[in-house]
Amino acid sequence: MAHGDDSKEKVVFVGDSRVRRGNGFITPPDYTAYPGKSEAFIPNFLLKEWMVGVVVLVGILVLTISEPAPLGFPANPAASVIPIPDWYFLFLYQYLKLPYASGDYIVLGTLGVTGVAFGALLLAPFLDTGPERRFYRRPIASSLMFLSLAAIVYLTNTAWTEYKHEMAETGQIPEDVQREEKAAENRAAGLPTTSAVKPKDIAIVDKDDPAMALYKLATCITCHAVDMKGSGNIPALRGVGDKHDQAAILTIIKEGKGQMPPMYETAMGAGLTDQDIDELAGWLAKQKSGQ
């Protein structure tokens, strides 16, 4: 270090003994340096994760195949029901029934409180920038998390409890209880426990009839398909004879019905005659499920 203004004075640099001399870049030790405490990510660690995932997936598939999801009972518009959302929306359902979130405060409940909650969630990474990973050393974030979980549990339980009380007061039995009771009765009687209805496959009547060729020539296959099963909103023609006779089918061909336009002129333009159209309508009238 210099003590004067003399340019020829020797300058001595004194290092700080508290700063250790660096050895350059230090290569971190391989996982083999910690026998029994670490393992290769690929394939050792990743393979175990995949195996666990496969076991869980197979278990879910087995449960799905062994016990199909039951269908609800047929809808009855005249029934008196108490609407309730799915269980994972119960806390929001109950929250919207609170005095400050409904009525005159509906805007505050739907936009104000939820906006603050989602805004806090988006700003959380920027507000909580501490290096700590242990939850007990992050009191603010942990307190908000536990408070949110407690509120969700409380609101969900309250919504379900009030729903059961309303059902008891009106003398109604929840549909899930009715389904379980019906499944238990079917199981005791040796019947299927699911309420799923398998569609009955209706065969084509007189498939070798010459009218089948007229059906194709009249471009009916464009909408109703070659197998007469239809597609999407287009109805199947298998079993159409259960609903309409020959005269009614002929009227539909000439005048159309619903989304179906009149097809008489189209059929005539395709080379069919009035007699061919009558034969086609008669053949379609034979398409009944009981034959």
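Bear in mind that the values here come from a model prediction, so they are computed numbers and not experimental data.

Asker: Whenever I open this one, the pattern of salt bridges confuses me. Can you help?
Answerer: Side chains that carry opposite charge are capable of pairing whenever their charged atoms lie near each other. Enumeration over the complete set of coordinates arrives at 3 salt bridges. The partner of Glu162 in a salt bridge is Lys97, and the shortest N-O contact between them spans 3.0 Å. Here Glu162 is found in helix H4 (residues 139-170), whereas its partner Lys97 is found in the loop between helix H2 (90-95) and helix H3 (106-127), with 65 residues between them in sequence. Linking Glu132 and Arg137 is a salt bridge whose minimum nitrogen-to-oxygen distance equals 3.6 Å. By relative accessible area, Glu132 is classed as partly exposed at 29%.

Asker: What am I meant to see in the packing of aromatic side chains here?
Answerer: Where two aromatic rings form a pair, the distance of their centres and the angle of their planes describe that pair. Taken as a whole and assessed by the stated rule, the structure comprises 7 aromatic pairs. Between Tyr95 and Tyr100 the ring centres are 6.4 Å apart and the planes differ by 65 degrees, which places this aromatic pair in the edge-to-face class. A relative accessible area of 11% places Tyr95 in the buried class. The partly exposed category is assigned to Tyr100, whose relative accessible area is 42%. One aromatic cluster in this structure is built from Trp87, Tyr88 and Phe89. Lying over the aromatic face of Tyr264, Lys254 brings its terminal NZ or CZ to 5.6 Å of the ring centre.

What counts and what doesn't
- Residues numbered from 1 in each chain as written.
- Predicted model: local features only at pLDDT ≥ 70, side-chain atom pairs only at ≥ 80, totals over all residues.
- Heavy atoms only, no water.
- Salt bridge = Lys/Arg side-chain N within 4 Å of Asp/Glu carboxyl O.
- Helix = DSSP H or I, 4+ residues; strand = E, 2+ residues; numbered from the N terminus.
- Buried < 20%, exposed > 50% of the residue type's maximum accessible area, 1.4 Å probe, protein only.
- Phe/Tyr/Trp six-rings, centres within 6.5 Å; stacked < 30°, edge-to-face > 60°.
- Lys NZ or Arg CZ within 6 Å of the ring centre and 35° of its normal.

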